[in-house]
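# Breakdown of the fold
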Amino acid sequence: MALFEEEMDTSPMVSSLLSGLANYTNLPQGSREHEEAENNEGAKKKPVQAPRMGTFMGVYLPCLQNIFGVILFLRLTWVVGIAGIMESFCMVFLCCSCTMLTAISMSAIATNGVVPAGGSYYMISRSLGPEFGGAVGLCFYLGTTFAGAMYILGTIEILLAYIFPGMAIFKAEEASEEAAAMLNNMRVYGTCVLTCMATVVFVGVKYVNKFALVFLGCVILSILAIYAGVIKSAIDPPSFPICLLGNRTLSRHGFDICTKLVLDGNETVGSKLWELFCTSRFLNATCDEYFSRNNVTEIQGIPGAASGLIRENLWSTYLAKGMIVEKQGMPSVPLADPLIDMDQPYVFSDMTSYFTLLVGIYFPSVTGIMAGSNRSGDLRDAQKSIPTGTILAIATTSAVYISSVILFGACIEGVVLRDKFGEAVNGNLVVGTLAWPSPWVIVIGSFFSTCGAGLQSLTGAPRLLQAISRDGIVPFLRVFGHGKANGEPTWALLLTACICEIGILIASLDEVAPILSMFFLMCYMFVNLACAVQTLLRTPNWRPRFRYYHWTLSFLGMSLCLALMFICSWYYALVAMLIAGLIYKYIEYRGAEKEWGDGIRGLSLSAARYALLRLEEGPPHTKNWRPQLLVLVRVDQEQNVVHPQLLSLTSQLKAGKGLTIVGSVLEGTFLDNHLQAQRAEESLRRLMEAEKVKGFCQVVISSNLRDGMSHLIQSSGLGGLQHNTVLVGWPRNWRQKEDHQTWRNFIELVRETTAAHLALLVTKNVAMFPGSQERFSEGHIDVWWVVHDGGMLMLLPFLLRHHKVWRKCKMRIFTVAQMDDNSIQMKKDLTTFLYHLRITAEVEVVEMHESDISAYTYEKTLVMEQRSQILKQMHLTKTEREREVQLIHDKSVTAFASSPQSPSDEPETAPEKVHLTWTKEKSVAEKNKSKSPVSPESIKDFFSMKPNQSNVRRMHTAVKLNEVIVKKSQDAKLVLLNMPGPPRNRKGDENYMEFLEVLTEHLDRVMLVRGGGREVITIYS
């Protein structure tokens, strides 16, 4: 292995890697800390035993316990009575299909690698990214917490309605007040039970887990009792007589015998039922009109499976709130005045019912399918057990629910099914009337099962919140990641209890159920989405062991979840989506950045690839053109940006839209300088983030700056997403630079952008440009439009004025009229052009007449050419060359300056001024140094030279145009003007820089603009 000695320092050997994987311990959140805390009591920690649970104990039974719950015992009979067998069957089939499809998707995700504890949250966050994971994880947490509230309310309802009715604190004096009194009792007892359960969970979770099998046994025993009762009812139906007045169902609370009259000795008097409807028990008493007109009849509440009752219960009987539960087909004499006294002993509907409401109430009875995946750390082979156990559990519970719907409708009278609280059957639990051997089997079994489910919710929800908090993706939740020394989530339990109390205060089981339906449905929807995205992307890491999935099934499950959300309650659905959306955006902007190799990142890559391939089809239309910037910046020795104002200007110009690439060049070789390049990239990213510049940064290492800039211009971007505009700063102090490489690089940059048909923006005096936090309360942005450049000069001020820095600045456009131009017509045409462009600006036409060339211009040109000639003909040493350049510049400034120096001029450190006298001895000395000897005659010719007329004309134009610009725009906040192109003949390069300096003298903020050779703005829609 000597060949790989160097690699071993950074990369592990295969044997050590496999050993680490084999010893991987994957316990539920908090369990590892709990075990370690207990084992640390001794001197030495005992080794943690490997998980040993199989499919049956680890997945199947926990899923059964979580799926079967309070709705099966307390509401399913009522749902069947209201919706009928057909609609109830559709409802159950719809909800069970939703969970089955979700289980298939979940199985695919759970078998795609090791799933640590955290269940659905872990699967979604690692598949769809931290934003989706955090949003859906918190929704799942809220759903589990409200599920705890629902189970507690179910426990209190069983206790007060069916076990100990006398325990009620609030008692109703009249029948119409019973509902309000019941809600208050639920709130008081619910708060007490919640406190007790939270204390039990706080004291020790292991006690909850030890009793889990007992609670599950109660559930299974209760279900078996129902099936036994169904079989017995077919042979020997139980006796539960129902008393009807006409076709109205009577509540059994106030009487015992279903008859109007009874014999009291030898006298016929009114029964207790008579006293409820009449003023006295005597026959001459005044009675209720409906009571007088209709007869009292008694029917069997449980006719049995062989009675043929199934035909009557096939169809729905939806009721409005306050309606009396009536039996169809019974003779009844109606009243002319249908007003009903709510204090009479009828069975009333306590709420308005409709199909979508019933779906919302029923759906929590099919939740709990994540119990197996939540225990993945305790399983012997999670990738085998989770799919098998979960799908078998859903198949079992679905069969139980569907058979229960049919059997309830076949065995129990419709008025009893619609009697939610069993008032017509002496206050018995309706499903208990069917059970064998006694209704108490169901009552006691359902009581303990709801208690157990409530404890499980209060155990699981805090751990889920703790897992989210410890991931650090939601900053304000980090406090809930802490707990006791053994890892128990104390703070998370406290928050869970507080949220659970909100559900307790709502107090109605039927109101809380749709709330948790929303959160569970949203969680299931994103599990399906995660599977569909991963399957469609076909990422190399997507290799589930579970093979029986397809993206169409996941998409169908996702659509079904979304549909059920809006079916249950459209406003709850919108609120749940709003909560998830707010959490998503919060994590996106404030949360910790996590890279989990999630599917959304893969989806982004696929979408980006598709968009880039589409962009390759052709150049963008003029209407879609916007400056895609390549910003060239310089970094110092510490890899910090020299002129950060360039990025401020970029932010103001782009406002986060389009492409921005910030590039920089380091001199050297990649092998020697790659660490400096990384530091420079980090510096650029920090500055881009500070200036809110959305884009990319790129640092190139090259043997020289010239080649590096050329590489950036040629190769930045990808496909159709490439820059079309280059933004650079003016080379400050270009006259002083050694070998004058700076201005040569700049001119080559101008030539390359022209050859590549790129627009070029050059900022002069960039240090004076405003930062993104500054504001101009007034002022002008002046555009000097000399030649047409495709509209760049018009577009840039329009874009800048979208930013708050320049928003209050007005735009002015100046154009130059020659001798042959009609300035009045030019102004009209320009005003019309701007109107069609939908740009608001003041227009002014400046007339520049041809005038005699001034002595200042003539001599300035001469000095410029003299300096150029000196550099070409005299091969001075570097130090002498720099001094000579400074000397000539100082002479020109001293001799011809007609106005004080502008404050915008960059400070320049002048070297010592040296006057060079050319003597014959000096020439001889230079001749010995140089390969190109200079004769005295050539020196004489140099001092008698005349300036080139072309240069004189250009200098004249620069001087005159500068005078006009200074006169009109000296107070402008920003001046934009056309940038002249460099000379085609490279001999005049040094003169080109001087022309630009003269053109922009005495102006504070200048942006020289050179178009890319195409139209960038149009008048057409």
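Note: the structure precedes this text.
Described below are features of the structure shown in this document. No experiment lies behind these values; they were computed from the predicted model shown. (Residues numbered from 1 in each chain as written. Predicted model: local features only at pLDDT ≥ 70, side-chain atom pairs only at ≥ 80, totals over all residues. Heavy atoms only, no water.)

## A closer look at the state of the cysteines
As a reminder, the rule being used: Only a pair of cysteine sulfur atoms within 2.5 Å qualifies as a disulfide here. A run of H or I in DSSP becomes a helix once it reaches four residues, and a run of E becomes a strand once it reaches two; helices and strands are each numbered from the N terminus.
Tallied over the entire structure, the rule returns two disulfides. Disulfide pairing is shown between Cys243 and Cys258; the S-S distance is 1.9 Å. When the S-S torsion is 80°, as for the bridge of Cys243 with Cys258, the disulfide is right-handed. A residue pair is termed long-range when its members are at least 10 positions apart, and Cys243 in strand β1 (residues 241–245) and Cys258 in the loop between β2 (248–249) and β3 (261–264) qualify at 15 residues. At a sulfur-sulfur separation of 1.8 Å, the disulfide partner of Cys278 is Cys287. Sign of the S-S torsion, about 110° for the bond between Cys278 and Cys287, identifies this disulfide as right-handed. Shown here for the protein is a disulfide pattern of 1-2, 3-4, where each number marks a bonded cysteine counted in sequence order.

## With respect to the pairing of strand β15 (residues 1006–1010)
Note the threshold: Each residue is assigned to one of three classes by its accessible area relative to the maximum for its type, calculated with a 1.4 Å probe on protein chains only: buried under 20%, partly exposed between the two thresholds, exposed over 50%. Any two strands with at least two DSSP bridges between them are considered paired.
Across the five residues of β15, four count as buried, placing the element largely inside the fold. In this sheet, β15 lies alongside strand β10 (residues 759–764) in antiparallel orientation, the contact comprising five bridges. By the bridge assignment, Leu761 is partnered in β15 with Val1009. The sheet contact formed by strand β14 (residues 974–978) and β15 spans four bridges and is parallel. From the neighbouring strand, Val975 faces β15, where its bridge partner is Val1006.

## Thoughts on helix α4 (residues 55–67)
What counts here: Residue count minus one, scaled by 1.5 Å, sets the expected span of a helix. Contacts are assigned to residue pairs that have any heavy atoms within 4.5 Å of one another.
When the terminal C-alpha atoms of α4 are compared, their 17 Å separation across 13 residues agrees well with the 18 Å that a helix rising 1.5 Å per residue should span. Where α4 is concerned, the buried positions are Gly58, Val59, Tyr60, Leu61, Pro62, Cys63, Leu64, Gln65 and Ile67. Elements in contact with the buried residues of α4: α11 (212–235), α15 (371–374), α16 (382–411) and α19 (439–471).

## Some details on the nonpolar core
Stated formally: Buried Ala, Val, Leu, Ile, Met, Phe, Trp, Tyr and Cys residues form a nonpolar core when they are joined through side-chain atoms within 4.5 Å.
In this structure, Met150, Tyr362, Phe363, Met370, Tyr401 and Phe408 are the most contacted members of the largest nonpolar core, which totals 163 residues. Listed in part, the 52 residues of the second largest apolar core include Val635, Val662, Leu796 and Val1009.

## Observations concerning the side chain of Ser105
Formally: We call two N or O atoms a polar contact when they sit within 3.5 Å, provided that within protein one can donate a hydrogen and the other can accept it, with sequence-adjacent residues counted only if both atoms are side-chain atoms.
By the secondary structure assignment, Ser105 is in helix α6 (residues 76–110). Looking at Ser105, the relative accessible area reads 1%, which means it is buried. Polar contacts involving the side chain of Ser105 include one to the side chain of Ser554, which spans 2.9 Å. For Ser105, the contacting residues outside a window of four places in its chain are Val527, Asn528, Cys531 and Ser554.

## Structural notes on the sheet that holds strand β9 (residues 725–729)
Applicable threshold: Note on geometry: axes are C-alpha line fits, over the in-contact stretch for helices, and angles between N-to-C directions span 0 to 180 degrees.
Overall, mixed pairing links the 10 strands, which are arranged β8-β7-β6-β9-β10-β15-β14-β11-β12-β13 in an open sheet. The sheet is open, and its two borders are formed by β8 (696–702) and β13 (842–847), each paired with just one other strand. With direction set aside, neighbouring strand axes in the sheet form an average angle of 20°. Taken together, the six bridges between strand β11 (residues 780–785) and strand β12 (residues 810–817) define a ladder with parallel strand orientation. Of the residues in β12, the one forming a bridge with His780 is Lys810.

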